[in-house]
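# Close look at the chain arrangement
Residues per chain are reported as follows:
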Amino acid sequence: MTDFTIKTPAPKASAKTTAKAGVKRAKAAVEKAVETVAEKTEVARAYAAEKAEVGKTWSVEKAKVAHHQAEEHPVALAVGTFVAGLVFGFLLARNFDR
């Protein structure tokens, strides 16, 4: 003989309970996102400040060297600037002729 048993489905959670659980998960996700963004922002701020200081130091040193070179060799600076202007002007004119 075959045994027929009636299986009752598991009771479904109410929509209110499901919504509350979803709200809790959403709040937790938002809090974690805020923490992560705060941490990433702090790391980026520190990195940018460090690189800005290095760049400033490097730029100041390079500017001093260029200034001394210009004082020692003013004709070379003038000729170099003139040649650079010619090359740049030639490239621009060639590009606009097309």
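A few points on the structure. (Residues numbered from 1 in each chain as written. Predicted model: local features only at pLDDT ≥ 70, side-chain atom pairs only at ≥ 80, totals over all residues. Heavy atoms only, no water.)

For the coordinates displayed, the defined rule picks out two salt bridges. Note that Arg 45 and Glu 42 form a salt bridge whose closest N and O atoms lie 3.0 Å from each other. Within this pair, Arg 45 and its partner Glu 42 are both found in helix 1 (residues 15-72), separated by three residues, close to a single helical turn. Note that Lys 56 and Glu 53 form a salt bridge whose closest N and O atoms lie 3.9 Å from each other. Separated by three residues within a single helix, Lys 56 and Glu 53 lie in helix 1, roughly one turn from each other. (Salt bridge = Lys/Arg side-chain N within 4 Å of Asp/Glu carboxyl O. Helix = DSSP H or I, 4+ residues; strand = E, 2+ residues; numbered from the N terminus.)

Residues Val 75, Val 79, Phe 82, Val 83, Leu 86, Val 87, Phe 90 and Leu 91 make up a contiguous nonpolar surface patch of about 790 Å² in total accessible area. Take Leu 86: it is sitting in helix 2 (residues 74-97). (Patch = residues over 30% accessible without salt bridge, like charges linked within 9 Å, V, L, I, M, F, W, Y side chains within 5 Å. Areas by Shrake-Rupley, 256 points an atom, 1.4 Å probe, with all protein chains shown as cover.)

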